[in-house]
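# Residue-level structure breakdown
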Amino acid sequence: MNTLGAIYQPYYYLPFRKNRQFVGRTTILETLEKKLFIEQCETVALLGLGGIGKTQVALQFAYSVKMNKQEYSIFWVAALSEASFEKAYGELARVLGIKKSKEDEDVKELVHRYLGSEKAGKWLLIVDNADDIEVVMGSNERRDIYRYLPESESGRVVFTTRSREVAVAVARSHIIDLQGMNQEEAVAFLETSLIRKELLQDDATTIELLRELTYLPLAIAQAVAYLNQNQISVRKYLELLRGTEQSKVRLLSREFYDSTRYKDSQNAVATTWLVSFAQIQRSDKTAASILGFVSCIEPKAIPRSILPEVESEEEMEHAIGTLRGYGFLSQREDEKMFDMHSLVHVATWVWLESEGLIKQTTIDAIRHIKNSFPPRDQTKREKWRGYVPHGLQILDRSSWYQRAERYDLFMTVGLCLGLDRRFKEAIRCFEAASEWRREHFTEEDDSRLLSEHELASAYLDDRRIKEAIEIFEHVVAVQKRTLADENDSRLTSEHELARAYLGDGRIKEAIEIFEYVVAVQKRTLADEDDSRLTSEHELARAYLDDGRIKEAIEIFEYVVAVQKRTLADEDDSRLTSEHELARAYLDDGRIKEAIEIFERVVAVRKRTLADENDSRLTS
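These numbers come from a predicted model, not from an experiment.

## Thoughts on the sheet that holds strand β9 (residues 337-340)
- Judged by pairing direction, the sheet is antiparallel, and its three strands sit side by side in the order β7-β9-β8 without closing on themselves. The sheet is open, and its two edges are formed by β7 (302-303) and β8 (329-331), each paired on a single side.
- Alignment of β7 against β9, held across two bridges, turns out to be antiparallel. Considered in β9, the bridge of Ile302 is made with Phe338.

Given below as structure tokens:
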């Protein structure tokens, strides 16, 4: 044991040398200094995402204290596991000259007792990588390491952790959240670490790369190691990073040597969080399920409502809290939208692959999104718009899954894209669904006919008129054989075929079909029925194109009168009918009446539509 003559001799146990490439983080280092030595906090937790640089900040702080507060002993223990903690305490005992007096004595208890005594003098203890709440605080199956952490008015403890649960448990409110580097710090780190400084001559490309790496220190260090080893340009590395999903995963999974990190640690960005994922899987099954689900969809703008259902609201809050606590999810101000760090998103995919869970997780996610997709009506537009990017993402990543439910989701997403006038993307969805259903269903099958109908409608809206006509003629021919005259699906297809003929300049054929459809709908539908009004509108438009202006005006006036009774002033269908009526008046030489209507339509659309909107510009 130490003699009294050496009470205040400082001792040091730091497993890493000072990092000469450390840059920036001035504000965080000043905050640590202030909390520990001015505000006299005995314990502070440095909290942040894995790879954000917690260990490096703690190391820089330790060497700063060593230089500027020479009365302080400085000790470092790794708390990744009970084994790493025990090994570190063994080293502390050796440095401090603490020896067992009996074989069964616990070295950890001896170190704990010594550091809690006045003989130890002033000291700073870094407890690094305290990420696992069970290791730190214990559980039914295991003892905690926390009991061996000393308390002394002369001592200061800094925890580094990825887990907010751990941070709160050990430091209560004395938590410092560590974020990614700012742009200036990231550029300086890149420049300091890179062998060939000339690679950074293109400032714009350098900033692009750092943004792609989200200013995450570990990702920058990995990029530097790759650039130094393979002697490629920054632009080429950026291209690899933005390549295929497989290319990005392979690039971010490459391990590299880093003398400032633990020998057995995962240095690659794609694998550094695997330990945290495993901890979540053990401690919070719901959080692990959400993590897996989010890995299948877009990492940005994740609506809370799209997340898998759980038994209770409290369970959901706890699971989201777990993921936010690790920094894997961030919540937007409105609390109904989340984002996942883009590199974590890649890493979760690697984790699922390593666990053999990719396929089942993807299938579950497809089923959930398909079943939870909001209704496609105007009142829910913002909600279903929020689901569309996530539906597209999972469809793109699941080409191996050739089941009906995947193609049902293609249809749902395609219909939403069509409503949003994103016709080319809608066509891609409908083509996928139609092709699969043609291979698996007979030509009379309702779902096959529906997908063909929607594909043809999308072609028509995209001005691919010949392709639309070819499909509509086939669909109508099948439906004439199998469905009654009054069947709504058949009438809808006939209506769309007539619309396609009109777009192709085949006006007489279009009028013939429209007259038939309108005659049937007059027998079977109410005056206010939307389908009937749409058909009457299109018939009037065909008459107008055929020079039958009086007949067109008569129908348009009827349609507008009904819509005035039943629809709001801003309704797009009503405004379109009024616009067409004004056009008919114009062709009939009734210019003043036409101008009066056009002025009203333009005034409403100015209030409700953007300057560049096609409908507004047409009016």
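## As for a nonpolar patch on the surface
- A cluster of nonpolar side chains, namely Leu586, Ile591 and Ile595, defines an oily patch on the protein surface of about 260 Å² accessible area.
- Inspection of the secondary structure puts Leu586 in helix α27 (residues 572-587).
- A relative accessible area of 41% places Leu586 in the partly exposed class.

## Digging into the packing of aromatic side chains
- Scanning all chains against the criterion turns up 13 aromatic pairs.
- Between the aromatic rings of Phe16 and Trp76, the centroid separation amounts to 6.1 Å while the plane-to-plane angle is 90°, which identifies the pairing as edge-to-face. Residue Phe16 is located in the loop between β1 (12-13) and α1 (26-38), and its partner Trp76 is located in strand β3 (residues 72-78); the two are separated by 60 residues in the primary sequence.
- With relative accessibility at 7%, the residue Phe16 sits in the buried group.
- Three or more aromatic residues link up through ring pairs in this structure, and these residues are Phe277, Tyr326, Phe328 and Trp351.
- Its guanidinium or amino end placed over the ring of Tyr148, Lys108 lies 5.0 Å from that ring's centre, counting from NZ or CZ.

## Things to note about helix α4 (residues 107-115)
- The complete set of buried residues in α4 reads Lys108, Leu110, Val111, Tyr114 and Leu115. Buried residues of α4, seen end-on, are gathered within an arc of 160° and therefore sit on one face of the element.
- On the buried face of α4, the contacting elements are β3, α3 (82-96) and β4 (122-128).

## Structural notes on the nonpolar core
- Core analysis: the largest hydrophobic core is formed by 172 residues, its most contacted members being Trp273 and Phe328.
- Apart from residues no more than four positions distant in its own chain, Phe328 is found in contact with Leu49, Trp273, Ser276, Phe277, Ile280, Leu291, Leu323, Asp339, Met340, His341 and Val344.
- Counting residues in each nonpolar core, the second largest holds 36 residues, with Phe75, Leu96, Ile98 and Val127 among its members.

## Some points on helix α20 (residues 423-440)
- Compared with the 26 Å implied by 1.5 Å per residue over 18 residues, the 25 Å span of α20 between its first and last C-alpha is a close match.
- Along α20, the residues classified as buried are Phe423, Ala426, Ile427, Cys429, Phe430, Ala433, Ser434, Trp436 and Arg437.
- Looking at the buried positions of α20, the neighbouring elements they touch are α18 (381-396), α19 (404-419) and α21 (446-461).

## Considerations on the sheet that holds strand β6 (residues 175-177)
- Read across the sheet, six strands follow the order β1-β3-β4-β5-β2-β6 without closing on themselves; strand pairing throughout is parallel. Here the strands that pair on one side only, and so sit at the sheet edges, are β1 and β6.
- Bridging between β3 and β4 involves seven bridges; their strand directions are parallel. Paired with Val77 across the strands is Val127, a residue of β4.
- Where helix α6 (residues 164-171) meets the sheet, it contacts β2 (43-47), β5 (155-161) and β6, and its direction lies at approximately 170° from that of β2.

## A closer look at the side chain of Asn19
- Turning to its location among the elements, Asn19 is positioned in the loop between β1 and α1.
- On the accessibility criterion, Asn19 (16% relative accessible area) is buried.
- Within the structure, Asn19 has its side chain in polar contact with the backbone nitrogen of Gln21 (distance 2.9 Å).

## With respect to unusual backbone geometry
- With a phi angle near 55°, Tyr215 is a residue other than glycine that sits in the positive phi range.
- Backbone geometry places Ala301, a non-glycine residue, at a positive phi of 50°.
- With respect to the element layout, Ala301 can be found in the loop between α14 (285-296) and β7.

## Quick notes on the pattern of salt bridges
- For the coordinates displayed, the defined rule picks out 55 salt bridges.
- A salt bridge links Arg147 to Asp144, with the shortest nitrogen-to-oxygen separation between them at 3.1 Å.
- With relative accessibility at 39%, the residue Arg147 sits in the partly exposed group.
- A network of salt bridges, in which partner residues are shared, links Lys466, Glu473, Asp504, Arg506 and Glu509.

The rules behind each value
- Residues numbered from 1 in each chain as written.
- Predicted model: local features only at pLDDT ≥ 70, side-chain atom pairs only at ≥ 80, totals over all residues.
- Heavy atoms only, no water.
- Pairing = 2+ DSSP bridges.
- Helix = DSSP H or I, 4+ residues; strand = E, 2+ residues; numbered from the N terminus.
- Patch = residues over 30% accessible without salt bridge, like charges linked within 9 Å, V, L, I, M, F, W, Y side chains within 5 Å.
- Areas by Shrake-Rupley, 256 points an atom, 1.4 Å probe, with all protein chains shown as cover.
- Salt bridge = Lys/Arg side-chain N within 4 Å of Asp/Glu carboxyl O.
- Buried < 20%, exposed > 50% of the residue type's maximum accessible area, 1.4 Å probe, protein only.
- Phe/Tyr/Trp six-rings, centres within 6.5 Å; stacked < 30°, edge-to-face > 60°.
- Lys NZ or Arg CZ within 6 Å of the ring centre and 35° of its normal.
- Arc of directions from axis to C-beta.
- Contact = heavy atoms within 4.5 Å.
- Core = buried A, V, L, I, M, F, W, Y, C linked by side-chain atoms within 4.5 Å.
- Expected span 1.5 Å × (residues − 1).
- Axes fitted to C-alpha atoms, helices over the stretch in contact; angles between N-to-C directions.
- Polar contact = N/O pair within 3.5 Å; in protein donor to acceptor, adjacent residues only side chain to side chain.

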